[in-house]
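Per-entry structural report
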Amino acid sequence: MADRRREPPPHEPGFATICVHGKKHLDKHEVGRPIRAVSTPIFQSSTFAFESVEHGAAVFRGEDPSYVYTRLGNPTQAALETELAFLEQGEAALALASGMAAATTAVLNCCRTGDHIVAGDTLYGGTHQLFTQTLPRLGIAVTEVPAQDPRNFADAITERTKLVYLETPANPTLVLTDIAAVAEIAHRHGALVLVDNTFCTPYLQNPLLLGADVVLHSATKYIGGHGDTVAGILVGRQDWILQARMEILRDLGGCISPFNAWLLLRGLKTLPVRMDRHMENAMEVAQFLAYHPKVAEVIYPGLKTHPQHDLAKRQQRGFGGMISFMVEGGREAGRTVMDNVRLCTLAVSLGDVDTLIEHPASMTHSTYGEDELKKVGIDPGMVRLSVGLENVEDIIADLRQALALI
Ligand code: LCS
């Protein structure tokens with residue numbers, strides 16, 4: 001078959017044609033010599049050429065794996081997916097536009113109207129909103145249970161339960177769930193287990209090795225790491241990921257852009273180095289807070305005072321960079337701290353190089369009602385700190401001066 005890309009144009013192309021196709025109709029797929037780029041190139045292309053109508057038809061029949069269209073797959077996305085699947089030790093991965101796009105894709109890939117989900121009761125506020133507002137509108141019911149005790153999951157599972165959804169450590173209470181114990185229970189009832197591994201990243205925890213079926217990341221956080229990208233990832237079995245791509249992603253359209261996929265590939269290069277420093281800094285900040293007279297309680301899985309410190313040691317390879325704390329004087333005193341930090345930034349999100357501080361009850365978890373906050377252990381005065389990569393003495397000095405104003 002003639003290679004249509006090499007055929008000369010039928011006559012001298014005009015200015016506009018050259019603008020679109022390049023001088024002399026240079027083949028856009030070849031640049032004349034081997035490339036061997038060290039950094040994965042950004043394939044900023046929405047669509048990919050077919051060699052013939054028959055080739056295109058074969059691709060659409062699923063008989064040829066060529067790229068078609070960036071909503072369904074793109075080489076930069078694929079590089080990211082291959083790497084994440086490897087790091088989480090799963091068969092395949094799917095990159096998406098946000099952590100919430102990953103959550104909705106995962107849920108809809110498991111459940112249809114009439115199905116049921118059991119989830120931990122502290123979740124990122126957006127996930128809680130999805131579970132309590134949006135999914136019920138689609139006829140998917142969700143029961144949220146205290147996640148520290150695996151028996152609560154056993155009690156809540158029904159014959160309609162298709163998915164058990166865990167966030168461990170949970171945002172913002174840092175409650176842990178015993179993944180292996182819950183997976184054992186869920187599998188006995190034929191339900192899949194999804195773990196939101198955003199707080200730990202694959203560097204500190206591999207839920208699939210503990211029995212989970214799907215891992216979710218808000219890659220916006222530690223995987224990107226620099227506060228410049230919104231993205232999500234799912235990792236799981238090949239057939240499950242393929243269905244998520246070819247049914248849910250195809251129809252709902254929450255794809256990641258090649259540029260954001262590239263930013264995550266860049267973030268991954270330094271993930272272990274960043275996580276080590278996040279953890280080192282977090283441990284020092286947690287100890288500083290624990291001994292500060294104005295601090296009533298510090299929640300950090302690395303402290304022996306954390307009620308699940310032993311589970312954290314068993315299930316994770318480190319304790320992460322997130323701390324929640326309550327100051328003497330409750331909500332107002334917490335507000336004084338957050339309004340007076342100078343180095344730390346008052347902002348939602350987490351896992352960035354910058355230290356971020358925020359108030360869960362009025363910000364990330366404002367989707368929980370007053371009673372719900374109390375029930376799940378989100379104190380109205382709780383302050384959440386995502387410890388960054390600054391010199392730890394500077395982070396501590398900033399917190400010290402803000403605490404002195406209480
Ligand atoms: N899962 C967890 C554990 C999260 O913390 C978040 C976002 C998501 C999923 C959703 O991911 P996104 O769509 O934002 O990429 N958490 C946020 C937070 O704590 N502050 O701002 C966003």
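Quick caveat, the model's predicted, so the values are computed rather than measured. The numbers attached to residues start from 1 for each chain and follow its sequence in the written order. Only residues with pLDDT of at least 70 are given local features in this predicted model, and only at 80 or more are side-chain atom pairs given and counted; all residues enter the totals for whole chains, interfaces and linings. The basis for every side-chain value is the complete set of non-hydrogen atoms in the structure, without hydrogens or water.

A word on the site of the ligand
Of all residues adjacent to the ligand, which total 17 residues, the nearest are Asp196, Ser218, Thr220, Lys221 and Arg384. Expressed as a share of its isolated accessible area of 480 Å², the protein-covered part of the ligand is 92%. Here the residues of the shell around the ligand sort into five nonpolar, eight polar and four charged. Distances are taken per atom, and a residue is near a molecule or strand as soon as one of its heavy atoms is within 4 Å of it. Using a 1.4 Å probe, accessible areas were evaluated by the Shrake-Rupley method; residue-level cover was limited to the displayed protein chains. Residues are grouped as follows: Ala, Val, Leu, Ile, Met, Phe, Trp, Tyr, Cys and Pro are nonpolar; Asp, Glu, Lys and Arg are charged; every other residue, Gly included, is polar.

Overview of the sheet that holds strand S4 (residues 161-167)
Any two strands between which DSSP finds at least two bridges are classified as paired. Helix and strand assignments come from DSSP, with helices taken as H or I runs of at least 4 residues and strands as E runs of at least 2, each series counted from the N terminus. In spatial order, the strands read S1-S7-S6-S5-S4-S2-S3; together these seven strands make up an open sheet with mixed pairing. Every interior strand has two partners, whereas the edge strands, strand S1 (92-96) and strand S3 (141-145), have only one. Within this sheet the neighbouring strands show an average axis-to-axis angle of 20 degrees, counted without direction. Here four bridges tie strand S2 (residues 116-120) to S4, and the two strands are oriented parallel to one another. The partner of Val118 across the bridge, within S4, is Val164. The contact criterion used is simple: two residues touch if any of their non-hydrogen atoms lie within 4.5 Å. As a rule, the C-alpha atoms of each element are fitted with a line to give its axis, helices using only the stretch in contact, and angles between N-to-C directions run from 0 to 180 degrees. Here helix H5 (residues 125-137) sits on the sheet in contact with S2, S3 and S4, set at roughly 140 degrees to S3.

Some words on the domain arrangement of the protein chain
Split into domains, the protein chain comes out as domain 1 (15-269) and domain 2 (271-403). Placing the centre of domain 1 and that of domain 2 at their C-alpha centroids yields a distance of 28 Å. With 41 residues of domain 1 at the interface, the matching set in domain 2 holds 41 residues. Carbon and sulfur atoms supply 57% of the area buried between domain 1 and domain 2, which totals about 3300 Å² over both sides. Take a side-chain nitrogen of Lys or Arg and a carboxyl oxygen of Asp or Glu: if they are within 4 Å of each other, that pair is a salt bridge. Taken together, domain 1 and domain 2 are joined by one salt bridge. Across the salt bridge formed by Asp178 and Arg314, the nearest N and O atoms sit 3.1 Å from each other. Whenever a nitrogen or oxygen atom comes within 3.5 Å of another N or O atom, the pair is scored as a polar contact, on the condition that within protein one atom can donate a hydrogen and the other can accept it, and that pairs from neighbouring residues in sequence are kept only if both atoms are in side chains. Where domain 1 packs against domain 2, one counts 26 residue pairs in polar contact (both at pLDDT 80 or more). Contributions of two or more residues to the side of domain 1 that touches domain 2 are made by H5, helix H7 (179-188), helix H8 (201-204) and helix H10 (258-269). Of the residues assigned to the side of domain 1 that touches domain 2, the class counts are 18 nonpolar, 19 polar and four charged. Residue ranges for the domains trace back to a domain assignment, done automatically or taken from a database. Two parts placed together each lose some accessible area; with a 1.4 Å probe, that loss summed over both constitutes the buried area.

Topic: the environment of Leu192
Following the sequence through the fold, Leu192 ends up in strand S5 (residues 192-196). Taking the C-alpha atoms as reference points, Leu192 and Asn109, 83 residues apart in sequence, are found 11 Å from one another. Residues in contact with Leu192, not counting those within four places in the same chain, are Cys110, Lys162, Leu163, Val164, Asp213, Arg237 and Trp240.

Regarding unusual backbone geometry
Glycine aside, negative phi is the norm for most residues, and most peptide bonds take the trans geometry. Residues Thr168 and Pro169 are joined by a peptide bond in cis, for which omega reads -5 degrees. With respect to the helices and strands, the residue Pro169 is situated in the loop between S4 and H7. The linkage connecting Asn171 with the following residue, Pro172, adopts the cis geometry, with an omega of 5 degrees. At Thr201, a residue that is not glycine, the phi angle is positive and equals roughly 65 degrees. Residue Thr201 is classed as buried on the basis of its relative accessible area of 1%. A positive phi angle is found at Ser349, which is not glycine, with a value near 75 degrees. Note that Ser349 resides in the loop between strand S10 (345-346) and strand S11 (356-358). Only protein chains enter the accessibility calculation, which uses a 1.4 Å probe; a residue is then buried when its area is under 20% of its type maximum, exposed when over 50%, and partly exposed in between.

Overview of the pairing of S5
Of all five residues in S5, four are buried, a share of seventy percent or more. Two strands pair when backbone bridges link them, and S4 and S5 are joined in this way by five bridges, in the parallel orientation. If you follow Glu167 over to S5, its bridge partner there is Asp196. Bridge analysis of S5 against strand S6 (residues 214-218) gives three bridges, and the strand direction is parallel. Of the residues in S6, the one forming a bridge with Val195 is Val215.

With respect to the sheet that holds S11
Read across the sheet, five strands follow the order S8-S9-S12-S11-S10 without closing on themselves; strand pairing throughout is mixed. Of all the strands in the sheet, just strand S8 (295-299) and S10 have a single pairing partner and so form its edges. Where S8 lies against strand S9 (residues 322-327), four bridges are found, and the strand directions are antiparallel. Bridging across to S9, Ile299 finds its partner in Ser324. Packed onto the sheet, helix H11 (residues 271-290) meets S8, S9 and strand S12 (383-386) and runs at close to 10 degrees relative to S9. Sitting on the sheet, helix H13 (residues 330-340) is in contact with S9, S10, S11 and S12, with an inclination near 125 degrees to S9.

Things to note about the state of the cysteines
Throughout, disulfides are identified as pairs of cysteine sulfur atoms within 2.5 Å of each other. The final tally for this structure, using the stated rule, is zero disulfides. With no disulfide of its own, Cys110 lies closest to Cys111 among cysteine sulfurs, the gap being 5.5 Å. By relative accessible area, Cys110 is classed as buried at 16%.

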